[in-house]
Amino acid sequence: MNRVPGPGQRPAAQTAAGALLASPSDRRLAFVAAISVGLSLCTCVARLAGVIPGGLAIAIVLLASAVVVRAGLWFAKRSADSAARARVSRIISDVGLAVAAVAIVASLPVVTRNGGFGTYIDSLFQHLWSLALLTAVALPVRTLTWRAYLGAGFTGYLAVTQLARLVGRPVVESLGLRLFPVAIFVPVTEELIKAIPVLAVAVLAARRMRQRPSALDCALLGAWVGAGYAVYENSQFGRVGGSWSALPVSWLFPSDAVSHSAGTSYFVAGHLVWSALTGLGIGVAVLYRRRYRLAWLAIPVTFAVAILEHAESDALSLSPFGPEPVGDRILQILTLNGLLSLLLLLAGIALILAVERRAVQPDLKPSQWLVLPASAITQRSTRLARLQLSPATPKLSAGMPATDRNDLPRRPR
C-alpha cells in the first residue's frame, strides 16, 4: 500500500534527488561532468567526420573521461547515504564505459587501416575467448563486477597503449631498431605501464581491513588490460597474432603464437598472459603480504618472467635470418622456450583458487556466480579480508600445547 507523504514530507524520489544534489558544489560538479561527457561525444563525432586526427581525438576523450571520473568520485563521496553512493558510482561507471566505447568505435577507421576490419575482429575474438575462460575459472571467488573488468580492457586499449607509445617511440626513433631500445627498453616499460592499473587497484584495496578483492580479480584485471593492449597493437601491425592450432594450449589462449626467427621457434605467450601473470603477482604480494612472509617475491618473479619472455620475442624479430645469438639460447632455456609464463599463470590460478575457494564457503549456487548480488560481493570480500589478514601459522601462546594451535582465533595484526 502506497503512503501519501505528509505536509512536511517529500516523496522518496525527491529526497533521493536532494541527497545527490545537496549543495551548490555538488551541482557544479555534476555540471562539469555533463560538459565533459558532451565534449567526448562531440569529439567522437568530429573524428568520424574526419575533422580532427585520431591521436588528438583519443587525447581529448581521455582527458574528458578523467574529468568525469574525478567529478564522479567527489560527487559520490559527498552523497548522503550508501545507497546514493552506489547509484552515483554506477551512473559514473556506465557513463565512463559508454564514452570509452564510443571513442573506440570512432577510431576504428584509423585503427583498422593497416590490417582491415576482419583481422581486427579475429584478434578481438581470440582475446575475448581467453578472457571468458579465465573469468569462468575465477567465478567461485571473484568479487568485482563486469564494469571493472571492461573498464580495465578499455584502459589497456585507449590509455596504456598511448602512454607506452609516448614513452617508447622517441627512444626507438632516436636509437633505431637495435637490441637495447627494441628488446630491453620497450619490453620493460610496456610491462611496467600495463601493471599500473592493477597496482593502483591492489594498493587501494589493501588499505581496507574489512573487505578485500580476490587475488584472481587482480589477475583478471591484468588479463583485460593486456588484451586491450594486444588488440590495439595487433591492429597497428595488421596482424591477428595467434592461432587456434599452434600448440595444444592454443584452444585456451588462441592469441598465443609461435615465432620462427633466427633459425629457431619460440612460443610467444602474448600480452594477455604476461599481464595476467604480473597481475596475479601483484595480487598475491600486495593482498597476502600479512599472511605469507615471502608473498612479496611474487612481484619480482612474475615481472622477471614476463619481461624476459617479452624481450626474447622482440629480440628474435630483429634477426629473422642468420645464426641464433648465444643470449637468445640462454633466454629460451630460462623461459622454457616461452612456456614458463603460461605454466606459472595456470599453476598460480589453481593454487589461489584452492586457497580462496575454501575461505568463501558457504557460497552461492553455481547458477548465481555469473551475476553476483551486492550481498554476495560483501560476503566474499569480508571473508577474503579475514583470510588475507590472518597469519598462515598463528603464534602459540605461552604455555599452550601445540595441539591447541587450531583453536587460536585468527585476527588481523
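Residues numbered from 1 in each chain as written. Predicted model: local features only at pLDDT ≥ 70, side-chain atom pairs only at ≥ 80, totals over all residues. Heavy atoms only, no water.

## Overview of the overall build of the protein
Okay, step 1: If you tally the helices and strands in the protein, you get 13 helices and 2 strands.
Okay, step 2: Counting across all 413 residues of the protein, residues that qualify as buried make up 45%.
Okay, step 3: Counting every atom, the protein has about 21200 Å² of accessible surface; 68% of that belongs to carbon and sulfur. (Helix = DSSP H or I, 4+ residues; strand = E, 2+ residues; numbered from the N terminus. Buried < 20%, exposed > 50% of the residue type's maximum accessible area, 1.4 Å probe, protein only. Areas by Shrake-Rupley, 256 points an atom, 1.4 Å probe, with all protein chains shown as cover.)

## Things to note about the packing of aromatic side chains
Okay, step 1: In total, this model carries 4 aromatic pairs according to the counting rule given.
Okay, step 2: Taken together, a centroid distance of 6.3 Å and an interplanar angle of 45 degrees make the contact between phenylalanine 180 and phenylalanine 185 tilted.
Okay, step 3: Assessed through its relative accessible area of 43%, phenylalanine 180 is described here as partly exposed.
Okay, step 4: The exposure class assigned to phenylalanine 185 is partly exposed, which follows from its relative accessible area of 21%.
Okay, step 5: When the ring centre of tyrosine 229 is taken as origin, the NZ or CZ atom of lysine 194, which lies over that ring, is 5.6 Å away. (Phe/Tyr/Trp six-rings, centres within 6.5 Å; stacked < 30°, edge-to-face > 60°. Lys NZ or Arg CZ within 6 Å of the ring centre and 35° of its normal.)

## As for the confidence of the model for the protein
Detailed reading of the predicted coordinates is not advisable wherever pLDDT falls low.
Okay, step 1: Averaged over every residue, the pLDDT of the protein is 77; the share at 70 or more is 68%.
Okay, step 2: Mean pLDDT in the protein bottoms out at helix 1 (residues 12-20), which sits at 44, and peaks at helix 9 (residues 271-287), which reaches 96.
Okay, step 3: Note on residues 8-22: pLDDT under 50 across the span, and 15 contacts to partners over four residues away in sequence or across chains.
Okay, step 4: The model gives residues 396-413 a pLDDT under 50, and that stretch makes 19 contacts with residues more than four places away or in other chains. (pLDDT = per-residue confidence, 0-100. Contact = heavy atoms within 4.5 Å.)

## Quick word on the side chain of serine 390
Okay, step 1: With respect to the helices, strands and loops of the structure, serine 390 is situated in the segment after helix 13 (374-389).
Okay, step 2: Here arginine 386 takes part through its backbone oxygen, which lies 2.5 Å from a polar atom of the side chain of serine 390. (Polar contact = N/O pair within 3.5 Å; in protein donor to acceptor, adjacent residues only side chain to side chain.)

## Things to note about the packing of helix 9 against helix 12 (residues 340-359)
Okay, step 1: One can describe the packing of helix 9 onto helix 12 by two numbers: an axis separation of 9 Å at closest approach and a directional angle of 40 degrees. Taken together, the axis directions place helix 9 and helix 12 in an arrangement best described as oblique. Regarding helix 9 and helix 12, the two cross each other, and that crossing is left-handed. Counted together, Val273, Trp274, Ala276, Leu277, Leu280 and Val284 of helix 9 and Ser341, Leu342, Leu344, Leu345, Gly348, Ile349 and Ile352 of helix 12 form the full contact between these two elements.
Okay, step 2: Across the contact of helix 9 with helix 12, the residue classes break down as 11 nonpolar, 2 polar and no charged. (Axes fitted to C-alpha atoms, helices over the stretch in contact; angles between N-to-C directions. Parallel < 35°, antiparallel > 145°, perpendicular 65-115°, else oblique. Left-handed = near helix turned anticlockwise from the far one by under 90°. Nonpolar A, V, L, I, M, F, W, Y, C, P; charged D, E, K, R; others polar.)

## Considering empty space enclosed by the protein
Okay, step 1: Applying the stated criterion across every chain yields a total of 3 cavities of 30 Å³ or more.
Okay, step 2: Roughly 60 Å³ of internal volume is contained in the largest cavity.
Okay, step 3: In terms of lining residues, the largest cavity is bounded by Leu134, Ala138, Leu216, Ala219, Leu220, Ala276, Leu345 and Ile349.
Okay, step 4: Elements with a minimum of two residues in the lining of the largest cavity: helix 5 (116-138), helix 8 (215-237) and helix 12.
Okay, step 5: With 3 residues, helix 8 is the largest single contributor of residues to the lining of the largest cavity. (1 Å grid on protein atoms, 1.4 Å probe; cavity = no way out; pocket = protein on both sides within 12 Å on 5 of 7 lines; lining within 4 Å. Points joined across faces, edges and corners; volume = space filled by probe spheres on them.)

## Quick word on the nonpolar core
Okay, step 1: Core analysis: the biggest nonpolar cluster contains 57 residues, and Leu272, Leu280 and Leu345 have the highest contact counts within it.
Okay, step 2: When neighbours within four sequence positions are excluded, leucine 345 is seen to be in contact with Phe253, Val273, Ala276, Leu277 and Leu280.
Okay, step 3: Among the nonpolar cores identified, the runner-up in size contains 12 residues, and Leu97, Ala103, Val111 and Val231 belong to it. (Core = buried A, V, L, I, M, F, W, Y, C linked by side-chain atoms within 4.5 Å.)

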